[in-house]
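Analysis of the macromolecular model
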Amino acid sequence: MTVRVGIGYDSHRFGEGGPMRLGGIDIPSNVHCAGHSDGDAICHALTDAILGAAALGDIGEMFPDTDAANKGKDSVIMLEAAVARMYAAGYAVGNVDITVVTQLPKIGPQREAIRSRLAGVLGVDVSAVFVKGKTNEGMGWIGRGEGLAVMCTATLVSR
């Protein structure tokens, strides 16, 4: 059995008005992640982790922000496309581990909904997906509440 690991990262500044979309769910908030697509930083980092582990490119190659067709695009659709590409290359998701660094919103209350949504997209049991929230202890741009960052590790196994 072949095991491969990929790391994904994404960050977005906040824009006024909510809700905030993270991990394929809408979280009540007075800000959102500003971006060319829907700004779902969890899905973006996870997409890159999967593509990187399988050596199949990155989210920017698949969905360039210079393409008007990607304006406002649902990031779950991008993740589904990466999963299909990974599957066609002979891999399946073993597990994913996601860390969201933000002052707000609090991730803990949203954790199970995000895990469930992502597990469905990835075709795995919810036990193979974990999401953690961390603050930046008030430091830097994240600490000032200007945006958030997401780090993700994806482990793939050969099918």
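In what follows, the accompanying structure is described.

Thresholds, definitions, all that
- Residues numbered from 1 in each chain as written.
- Predicted model: local features only at pLDDT ≥ 70, side-chain atom pairs only at ≥ 80, totals over all residues.
- Heavy atoms only, no water.
- Helix = DSSP H or I, 4+ residues; strand = E, 2+ residues; numbered from the N terminus.
- Rg over C-alpha atoms; globule rule 2.2 N^0.38 Å.
- Buried < 20%, exposed > 50% of the residue type's maximum accessible area, 1.4 Å probe, protein only.
- Contact = heavy atoms within 4.5 Å.
- Areas by Shrake-Rupley, 256 points an atom, 1.4 Å probe, with all protein chains shown as cover.
- Lys, Arg positive; Asp, Glu negative; His and termini not counted.
- Charge placed at Lys NZ, Arg CZ, Asp CG, Glu CD.
- 1 Å grid on protein atoms, 1.4 Å probe; cavity = no way out; pocket = protein on both sides within 12 Å on 5 of 7 lines; lining within 4 Å.
- Points joined across faces, edges and corners; volume = space filled by probe spheres on them.
- Nonpolar A, V, L, I, M, F, W, Y, C, P; charged D, E, K, R; others polar.
- Salt bridge = Lys/Arg side-chain N within 4 Å of Asp/Glu carboxyl O.

What follows covers the overall build of the chain. Secondary structure assignment for the chain yields 5 helices and 7 strands. Going from N to C terminus, the chain has its helices and strands arranged as β-β-β-β-α-α-α-β-α-β-α-β. For 159 residues, the compact-globule formula gives about 15 Å, and the C-alpha radius of gyration of the chain, at 15 Å, lands near that figure. For the chain, the C-alpha atoms occupy an extent of roughly 45 × 35 × 25 Å along the three principal directions. Across the 159 residues of the chain, 47% fall into the buried class. Considering only contacts in the chain between residues 6 or more positions apart, those separated by 24 or more positions represent 70%. If you sum the accessible surface of the chain, you get close to 7,400 Å²; carbon and sulfur atoms cover 52% of it. Both charge centroids of the chain, one from 14 positive and one from 17 negative side chains, sit 4 Å from each other.

Attention shifts here to the layout of surface pockets. When its volume is computed, the largest pocket comes out at roughly 260 Å³. Surrounding the largest pocket, 15 residues form its lining, H36, S37, H44, F63 and D65 being those nearest its centre. Contributing elements (two or more residues each) for the lining of the largest pocket: β1 (3-16), α1 (41-53) and α2 (59-62). Of the residues forming the lining of the largest pocket, the biggest block, 3 residues, is contributed by β1. Classifying every residue of the lining of the largest pocket by side-chain character gives 5 nonpolar, 7 polar and 3 charged.

Further remarks concern the pattern of salt bridges. In this structure the tally under the stated criterion is 6 salt bridges. Residue R21 pairs with D74 through a salt bridge whose shortest N-O separation is 4.0 Å. Of this pair, R21 sits in strand β2 (residues 20-22) while D74 sits in the loop between α2 and α3 (75-88), and the two are 53 residues apart along the sequence. Residue classification places R21 among the buried positions, given a relative accessible area of 17%. Note that E146 and R144 form a salt bridge whose closest N and O atoms lie 2.6 Å from each other. In this structure E146 comes out as partly exposed when scored by relative accessible area, which is 38%. Here the salt bridges do not stand alone but share partners, grouping R21, D26, D38 and D74 into one network.

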